[in-house]
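Overview (structure and organization)
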Amino acid sequence: GCDTVSVAFPLTMMIAGVVGNALAMGLVSRSYRAKENRRKRSFLLCIGSLALTDLAGQLLTSPIVISVYLSNQAWAALDPSGHLCTFFGFSMTVFGLCPLFIASAMAVERVLAIRAPHWYASHMKTRVTRLVLLGIWLAVAAFALLPVAGLGHYTLQWPGTWCFISTGDDTFTGSVFFASTFAFLGLSSLFVTVACNLATIEALVSRCRTKATASHSSKQWGRIATETLIQLLGIMCVLSVCWSPLLITMLKMIFSHASFEHCREFSSTAQNSELQKECNFFLTPVRLASLNQILDPWVYLLLRKILLQKFCQAASAVSKCSNNEWKDRSITLTEEIRRTTA
């Protein structure tokens, strides 16, 4: 079955994810040490933790997928004990839920900073942020270990190069409960993120209306607010587009008692072409969810920094052009004065 799917896709995603998240971690580390960013350290800790989580997820899962592709062997031949499949499913669960929960924590942090600034300044310390992030990692890891304890099951998925939560196998205790809990937790975190970001956007818009004056400080605040609005909208769009299809597909399969485990059994004949298309279509929401690990650092940090740099470069270029234009005019005027006096 691996011949129907190209190895270029996971290889490209791994390279892009590692490069983007490594750059984001470098920028966060430099910004965290800067004295002028002391008030932003909680937010920077969340961004750095998100980049670290996405980077670890890429490094732990993508090489396994690529190795299975390149070996041209069945998963059972490479993993007869099934321990690697369990580890892969555990990694997919941990590095799937952790970014969603961290994004929710960042959304809550932003809405508290905007709507309750006094409480935020007195209670939201970096120590609290560290404890929240540690709690997220430990809670998600404990949840992902439930199949190891016998509640739920990780199974091989189409096209036989990765493992994830079983959705339609009733032979294992708690499989439906574990799969549905994963989907509901993911959708709940998406709902919290969208709700908090909408509340932040509403607060920023109302504050912009109250500060609609021509002073320099209000203009600067309006620029920062507009920049934050664009970033929040981008975050909501990326999270919704990347994760909603997979979580909704999982719930649909759970309630219809369906699974894609039969995809491993079909042969590449003409009569099974429709089944092959159906199985390949299932990879689309999985790839979208994996794409979130690549887009996270760009949406949260890198893209914003690049846009600011481009804006500064354009502004400096315009100022240089205007200065050169004034210099040319002054030179021309000086020459005309000399001619008239001569």
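Residues numbered from 1 in each chain as written. Predicted model: local features only at pLDDT ≥ 70, side-chain atom pairs only at ≥ 80, totals over all residues. Heavy atoms only, no water.

**Here we look at the overall build of the protein chain**
Scanning the protein chain from terminus to terminus reveals nine helices and two strands. In sequence order, the secondary structure elements of the protein chain are arranged as α-α-α-α-α-α-β-β-α-α-α. Within the protein chain, counting contacts between residues at least 6 apart in sequence, those at least 24 apart form 79% of the total. Of the roughly 18,500 Å² of accessible surface on the protein chain, a fraction of 66% belongs to carbon and sulfur atoms. (Helix = DSSP H or I, 4+ residues; strand = E, 2+ residues; numbered from the N terminus. Contact = heavy atoms within 4.5 Å. Areas by Shrake-Rupley, 256 points an atom, 1.4 Å probe, with all protein chains shown as cover.)

**Quick word on the packing of aromatic side chains**
Tallying each qualifying case throughout the model produces five aromatic pairs. Each ring, one from Trp75 and one from Phe88, has its centre 6.2 Å from the other, and the planes form 90°; the classification is edge-to-face. With Trp75 in helix α3 (residues 75-78) and Phe88 in helix α4 (residues 83-115), the pair connects residues that are 13 residues apart, well separated along the chain. Note on accessibility: Trp75 and Phe88 belong to one class, buried. Centre to centre, the rings of Phe164 and Phe182 are 5.5 Å apart; their planes meet at 85°, and the pair counts as edge-to-face. Placement of the pair is Phe164 in strand β2 (residues 162-165) and Phe182 in helix α7 (residues 175-210), with a sequence separation of 18 residues. One exposure class covers both Phe164 and Phe182, and it is buried. Taken together, the ring pairs in this structure connect Phe143, Tyr154 and Phe178 into an aromatic cluster. In this arrangement the basic side chain of Arg41 is found over the ring face of Tyr32, its NZ or CZ atom lying 4.9 Å from the centre. (Phe/Tyr/Trp six-rings, centres within 6.5 Å; stacked < 30°, edge-to-face > 60°. Buried < 20%, exposed > 50% of the residue type's maximum accessible area, 1.4 Å probe, protein only. Lys NZ or Arg CZ within 6 Å of the ring centre and 35° of its normal.)

**A closer look at unusual backbone geometry**
Backbone geometry places Asn72, a non-glycine residue, at a positive phi of 55°. Here Asn72 shows up in the loop between α2 (41-71) and α3.

**Topic: the pattern of salt bridges**
Tallied over the entire structure, the rule returns one salt bridge. Linking Glu202 and Arg115 is a salt bridge whose minimum nitrogen-to-oxygen distance equals 2.9 Å. Placement of Glu202 in helix α7 and of Arg115 in helix α4 is noted, with a sequence separation of 87 residues between them. (Salt bridge = Lys/Arg side-chain N within 4 Å of Asp/Glu carboxyl O.)

**So, the UniProt feature "transmembrane region" (unreviewed entry) in the protein chain**
Under the UniProt annotation, "transmembrane region" (unreviewed entry) lies at residues 6-30, 42-66, 86-108, 128-156, 176-201 and 229-255. The straight-line gap between the two end C-alpha atoms of residues 176-201 is 37 Å; of that span, 100% is helix and 0% is strand. (UniProt positions renumbered as here; feature names shortened; annotations may be inferred.)

**Some remarks on the pairing of β2**
Note: strand β1 (residues 154-157) against β2, four bridges, orientation antiparallel. Across the sheet, residue Thr155 finds its bridge partner in β2, namely Phe164. Counting the residues that bridge the hairpin from β1 to β2 gives four residues, and of these Gly160 lies at a positive phi of roughly 85°. (Pairing = 2+ DSSP bridges.)

**Remarks on the side chain of Asp79**
Within the secondary structure, Asp79 sits in the loop between α3 and α4. Judged by relative accessible area, Asp79 falls into the buried class, the value being 8%. Within the structure, the side chain of Asp79 is placed 3.2 Å from the backbone nitrogen of Gly82, a separation counted as a polar contact. When sequence neighbours within four positions are dropped, the list of residues in contact with Asp79 reads Leu84 and Cys85. (Polar contact = N/O pair within 3.5 Å; in protein donor to acceptor, adjacent residues only side chain to side chain.)

**Focus on the side chain of Glu109**
By the secondary structure assignment, Glu109 is in helix α4. No salt bridge is formed by the buried Glu109, whose closest oppositely charged neighbour, Arg110, lies at an N-O distance of 5.4 Å. The contact partners of Glu109, leaving out residues within four places of it in the chain, are Ser42, Phe43, Tyr120 and Met124. (Lys, Arg positive; Asp, Glu negative; His and termini not counted.)

**What about the environment of Leu59?**
Relative to the elements of secondary structure, Leu59 occurs in helix α2. By relative accessible area, Leu59 is classed as partly exposed at 47%. When the C-alpha positions of Leu59 and Ile15 are compared, they lie 9.7 Å apart, and in sequence the two are 44 residues distant.

**A word on a nonpolar patch on the surface**
On the surface, a nonpolar cluster with roughly 430 Å² of combined accessible area is contributed by Leu11, Ile15, Val19, Leu23 and Trp298. A total of four residues in the nonpolar patch trace back to one element, the largest contributor, which is helix α1 (residues 8-33). Tracing the backbone shows Leu11 in helix α1. (Patch = residues over 30% accessible without salt bridge, like charges linked within 9 Å, V, L, I, M, F, W, Y side chains within 5 Å.)

**Quick notes on the confidence of the model for the protein chain**
On average, residues of the protein chain score 78 in pLDDT, and 71% of them are at 70 or above. Scored below 50 in pLDDT, residues 266-271 shows six contacts in the model against residues more than four places distant or in partner chains. (pLDDT = per-residue confidence, 0-100.)

**Observations regarding the packing of α2 against α4**
Relative orientation of the contacting elements α2 and α4 amounts to 160°, with a least axis distance of 10 Å. As summarised for this structure, α2 and α4 are arranged roughly antiparallel, according to the angle between their axes. The element α2 and its partner α4 pack so that their crossing is left-handed. Residue composition of the contact of α2 with α4, grouped by class: 16 nonpolar, six polar and three charged. (Axes fitted to C-alpha atoms, helices over the stretch in contact; angles between N-to-C directions. Parallel < 35°, antiparallel > 145°, perpendicular 65-115°, else oblique. Left-handed = near helix turned anticlockwise from the far one by under 90°. Nonpolar A, V, L, I, M, F, W, Y, C, P; charged D, E, K, R; others polar.)

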